[in-house]
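Inside the fold
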Protein chains: 2
Amino acid sequence: MNVGKRKPAPVDPASVPKAVVSRLSLYLRELQQLLRGGQTTVSSSQLGRLLGFTDAQVRRDLAYFGHFGQRGVGYRCDELVRAIRGILGTDREWTVAMVGVGNLGRALLGYRGFNAQGFRIVAAFDADPGKVNRTIEGIPIFPPDHLGQVIREQAIPIGLIASPAAAAQQVADQMVEAGVVGILNFAPVTLALPGHVSLVGVDLATELEQLCFSVANRAGPR
Amino acid sequence: MNVGKRKPAPVDPASVPKAVVSRLSLYLRELQQLLRGGQTTVSSSQLGRLLGFTDAQVRRDLAYFGHFGQRGVGYRCDELVRAIRGILGTDREWTVAMVGVGNLGRALLGYRGFNAQGFRIVAAFDADPGKVNRTIEGIPIFPPDHLGQVIREQAIPIGLIASPAAAAQQVADQMVEAGVVGILNFAPVTLALPGHVSLVGVDLATELEQLCFSVANRAGPR
DNA sequence: CCGTGTGAAATCGTTCACAGCC
DNA sequence: GGCTGTGAACGATTTCACACGG
């Protein structure tokens, strides 16, 4: 008994280092690649080599969440993919509400990679009256004052901010007010959010600055 | 003597933790914001509070690179901005070559945030004959077989990959061959690069997965 | 008196190295 | 024989706490 489909989680997920979770995404991406290539099994050392990590690191990362490998053999790619998706929470579909249908927003509306991993943008908002009340890539664009209602009615858990920096905090506040519990922020500002809302920020200029620093200081890849 | 404009760098820049450099970008962004608001001085604790870091962390991070503060007062915003830009290397203009003028590529061509921080995309490439030999946002689009020549002639140091995943490694190889020393990769694949080339990867689906994990595990903001 | 800069301590994350199992 | 899972050692980063200077 007590040995069902679910592996026991050896630790509290909140105590897992952030770096581990971000490597998990990379493992997932690589495993899906391997599966497409017809490979059924990987060892920690192969997976590590492909990504530039050590084999010990790969094993340790996975061991945070359970026993997924087979001694002497390695990991079954399909099983490990399922397991990682379960850990990340991407084994179900997540709906996303986007604000800001500018250059970047439009690109994200058409980005296939989101759907492929289980994310679906179901509503977008923009302050420009010329953009609202139509669909782009099949996604309806609403005026900003519909934000609360749409998010609430569809119980959308994730917000994506691609608005100008000056509007971002206000947009975030409205999203949180409407019940969003996670925000992906592309606006180049720091957002202040209540503790129960998760935040991931992506600042494109900042990423280039990181690159710039390592180029200017010849630090090799990342 | 020996007290010129340049502060001495207390340590080898290559030995600075990566996390420190990424916070440097955030300090910079916040300082520029403060300057726009007319503030001339910040303390480590104010800067930390704005970004969610401790005051000790801010001071330690900055101390890797020199003595920028004044005891009893704090840091002069304008001086610190100049200092951080000098450290990151964004006190000069960097030219960038982009490959892949799809959804995302077009958005990046029009992204104002790059110019604002000193990056200028000066050439783009795409395999679609319908897109080449014209300009978008003032940037010329070339066919892929011009890549080597254009990058070499203009001595472009930075490559930006926004091509489909399947093409990314080949594109990267050609960029490296042409002399690029840093690559910002938006394609969802792991690139293999020679050691003298720096790499920063941004995978949009991966970022959403991180968010998803922390939402699913209620870990609060990042 | 306030806030920086920094040794020293504490914490966190990675790597080693090997027992255990297929 | 090969490869996982994991205590223990190690190294890196963060936090503490206080001396020093404006």
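This structure is a prediction, so every number in the text was calculated from the model and none was measured.

Lining the immediate environment of DNA strand C, one finds 21 residues, of which Arg-60 of chain A together with Ser-44, Arg-59, Arg-60 and Tyr-75 of chain B sit closest. Sugar plus phosphate, as a fraction of atoms of DNA strand C within 4 Å of the protein: 62%. Within the side chain of Arg-60 of chain B, a nitrogen or oxygen atom sits 2.5 Å from a base oxygen of DNA strand C. A distance of 3.2 Å separates a sugar or linking oxygen of DNA strand C from a polar atom in the backbone of Gly-72 of chain B. Where the surface near DNA strand C is concerned, the elements lending two or more residues are helix H3 (55-63) of chain A together with helix H3 (55-63), strand S2 (69-70) and strand S3 (74-76) of chain B. Considering each element in turn, the surface near DNA strand C owes the most residues, three residues, to H3 of chain A. For the surface near DNA strand C, the residue count by class is four nonpolar, 10 polar and seven charged.

Residues and elements named next belong to chain A. Applying the stated rule across the entire model yields 10 salt bridges over all chains. A salt bridge links Arg-76 to Asp-78; its shortest N-O distance comes to 2.7 Å. For Asp-78, a relative accessible area of 28% gives the class partly exposed.

A word on the UniProt feature "domain: CoA-binding" (unreviewed entry) in chain A. The positions UniProt marks with the feature "domain: CoA-binding" (unreviewed entry) are residues 89-190 of chain A. The span residues 89-190 of chain A is 33% helix and 27% strand, and its two end C-alpha atoms sit 26 Å from each other.

Taken together, 22 residues lie near DNA strand D, and Ser-44, Arg-59, Arg-60 and Tyr-75 of chain A together with Arg-71 of chain B sit nearest. Looking at DNA strand D alone, sugar and phosphate atoms form 57% of those within 4 Å of the protein. One nitrogen or oxygen atom from the main chain of Phe-68 of chain A is found 3.2 Å from a phosphate oxygen belonging to DNA strand D. One nitrogen or oxygen atom from the side chain of Arg-23 of chain B is found 3.1 Å from a phosphate oxygen belonging to DNA strand D. Of all the secondary structure elements, the ones that give two or more residues to the surface near DNA strand D are H3 of chain A together with H3 of chain B. Residue contributions to the surface near DNA strand D peak at three residues, all from H3 of chain B. Here the residues of the surface near DNA strand D sort into four nonpolar, 11 polar and seven charged.

Thresholds, definitions, all that
- Residues numbered from 1 in each chain as written.
- Chains lettered and ligands numbered in written order.
- Predicted model: local features only at pLDDT ≥ 70, side-chain atom pairs only at ≥ 80, totals over all residues.
- Heavy atoms only, no water.
- Near = heavy atom within 4 Å.
- Polar contact = N/O pair within 3.5 Å; in protein donor to acceptor, adjacent residues only side chain to side chain.
- Helix = DSSP H or I, 4+ residues; strand = E, 2+ residues; numbered from the N terminus.
- Nonpolar A, V, L, I, M, F, W, Y, C, P; charged D, E, K, R; others polar.
- Salt bridge = Lys/Arg side-chain N within 4 Å of Asp/Glu carboxyl O.
- Buried < 20%, exposed > 50% of the residue type's maximum accessible area, 1.4 Å probe, protein only.
- UniProt positions renumbered as here; feature names shortened; annotations may be inferred.

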